[in-house]
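# Inside the fold
As a plain string of letters, each chain reads:
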Amino acid sequence: MLLFGCDMDVRATAGIVGRALGMRLEELRNDQLGVAFDAEDPAGGFIFVSENTRRFDESDEEHHRVDASRPEEPTRVYVHATSRADAIVAALTDAGLRLHDRAPWPPADEQLADAAWKRLLLDLRDRGWEVTLTGPAAPLQLEGRLPSGQSFFYHCRYDTCSLGIGGEDPVSRPDWEGEQVVDGGEYAASYIEPDNAVRILLALHADWKLDFGNSRR
């Protein structure tokens, strides 16, 4: 994410940005934003030029997050999810815009979590699990089939992780269900670290295997 400020008005700034980046920005009209311009970055990102008004931040959580770095200039330029940030920074600063904020997108913690889930899911699949991450947080959800073939649904929300196995529907009517409270407060399970989530999943699976083995004796 890149945030620039410019001393020119919105229309003039949009022209500067378009010429600097070699793209055409489309004009938008919005009752709250007034006149604004946007364009898609050829590398897959998004560019937005608007007046520097607080109303815009109040309607968008991510923009509100960078409010402390708000440009003082009357116009700001927001560049989101681009893979060519260095080139854009060079082009727009050469054109006279001032860079006020630069942060990774997705945020660094999300990138770390994504990398962890790729590693953990691969490991589970190597162990024979059929598993899909259907919700990364609030709630965290995994579902699929155990190495032994039973369907399962794993769900972490608020302060508890639960595992349902088998039955007509492992989500609502499992044959077996176990749960574990996660230390750390009311929302510890909703935003649980991937490695801890899988550790609890495997512990609950071990509980199920013990109960399943005992029920067959």
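In case you missed it, the structure is sitting above this.
Here's what I pulled together on the structure shown here.

## Observations concerning the sheet that holds strand β8 (residues 140–145)
Read across the sheet, 5 strands follow the order β7-β8-β9-β10-β11 without closing on themselves; strand pairing throughout is antiparallel. Among the strands making up the open sheet, the edge pair consists of β7 (130–136) and β11 (176–181). Across the sheet, the axes of successive neighbouring strands diverge by a mean angle of 15°, strand direction being ignored. Summarising the sheet, β7 and β8 pair through 6 bridges and their orientation is antiparallel. Residue pairing in the sheet places Val131 in a bridge with Gly144 of β8. Across the face of the sheet, helix α5 (residues 108–126) comes into contact with β7 and β8 while running at roughly 155° to β7.

## What to know about unusual backbone geometry
Each neighbour pair has its own omega, and for Ala138 with Pro139 the value is 5°, a cis peptide bond. With respect to the element layout, Pro139 can be found in the loop between β7 and β8. Positive phi, normally seen in glycine, also occurs at Ala138, with a value near 50°. Here Ala138 lies in the loop between β7 and β8. Of note in this structure, Tyr158 is not a glycine but carries a positive phi near 55°. Inspection of the secondary structure assignment puts Tyr158 in the loop between β9 (151–157) and β10 (160–165).

## Observations regarding the pairing of strand β3 (residues 34–40)
Taking burial as the measure, the 7 residues of β3 include 5 buried ones, the bulk of the element. Two elements, β3 and strand β4 (residues 46–51), share 5 bridges in a ladder whose sense is antiparallel. Bridge pairing in β4 links Phe37 to Val49. Between the end of β3 and the start of β4, which pair antiparallel, lie 5 residues, with Gly44 showing a positive phi angle near 105°.

## A few points about the state of the cysteines
Evaluation of the coordinates by the stated rule reveals 1 disulfide. What pairs with Cys156 in a disulfide is Cys161, and their sulfur atoms sit 2.1 Å apart. Given an S-S torsion of about 115°, the disulfide between Cys156 and Cys161 has right-handed geometry. Cys161 shares its class with Cys156; the two are buried.

## Points about a negative patch on the surface
Together, Asp109, Glu110, Asp114 and Glu193 make up a region of like negative charge exposed at the surface. With respect to the helices and strands, Asp109 occurs in helix α5.

## Quick word on the pattern of salt bridges
Under the criterion given, the structure shown has 8 salt bridges. Two residues, Glu73 and Arg98, come together in a salt bridge whose shortest N-O distance is 2.6 Å. On the criterion of sequence distance, the pair formed by Glu73 in the loop between α3 (61–65) and β5 (75–80) and Arg98 in strand β6 (residues 98–102) is long-range, its members being 25 residues apart. Among the ionic pairs, Arg119 bridges to Asp195, the shortest N-O distance being 2.9 Å. With Arg119 in helix α5 and Asp195 in helix α6 (residues 194–215), this residue pair connects regions lying 76 residues apart in the sequence. By relative accessible area, Arg119 is classed as partly exposed at 45%. Of the residues examined, Asp195 reaches a relative accessible area of 40% and is grouped as partly exposed. Three or more residues are tied together by salt bridges with common partners; here these are Asp7, Glu73 and Arg98.

## Remarks on the packing of helix α1 (residues 10–21) against helix α4 (residues 85–94)
Contact pair α1 / α4: the axes reach a minimum separation of 9 Å and the direction vectors enclose 125°. In this view, α1 runs oblique relative to α4, as classed from their interaxial angle. Considering how the two elements wind past one another, α1 and α4 form a crossing that is right-handed. Across the interface between the two elements, Val17, Ala20 and Leu21 from α1 touch Ile88, Ala91 and Leu92 from α4. For the contact of α1 with α4, a count of residues per class yields 6 nonpolar, no polar and no charged.

The rules behind the values
Residues numbered from 1 in each chain as written. Predicted model: local features only at pLDDT ≥ 70, side-chain atom pairs only at ≥ 80, totals over all residues. Heavy atoms only, no water. Pairing = 2+ DSSP bridges. Helix = DSSP H or I, 4+ residues; strand = E, 2+ residues; numbered from the N terminus. Axes fitted to C-alpha atoms, helices over the stretch in contact; angles between N-to-C directions. Contact = heavy atoms within 4.5 Å. Buried < 20%, exposed > 50% of the residue type's maximum accessible area, 1.4 Å probe, protein only. Disulfide = S-S within 2.5 Å. Patch = residues over 30% accessible without salt bridge, like charges linked within 9 Å, V, L, I, M, F, W, Y side chains within 5 Å. Areas by Shrake-Rupley, 256 points an atom, 1.4 Å probe, with all protein chains shown as cover. Salt bridge = Lys/Arg side-chain N within 4 Å of Asp/Glu carboxyl O. Lys, Arg positive; Asp, Glu negative; His and termini not counted. Charge placed at Lys NZ, Arg CZ, Asp CG, Glu CD. Parallel < 35°, antiparallel > 145°, perpendicular 65-115°, else oblique. Left-handed = near helix turned anticlockwise from the far one by under 90°. Nonpolar A, V, L, I, M, F, W, Y, C, P; charged D, E, K, R; others polar.

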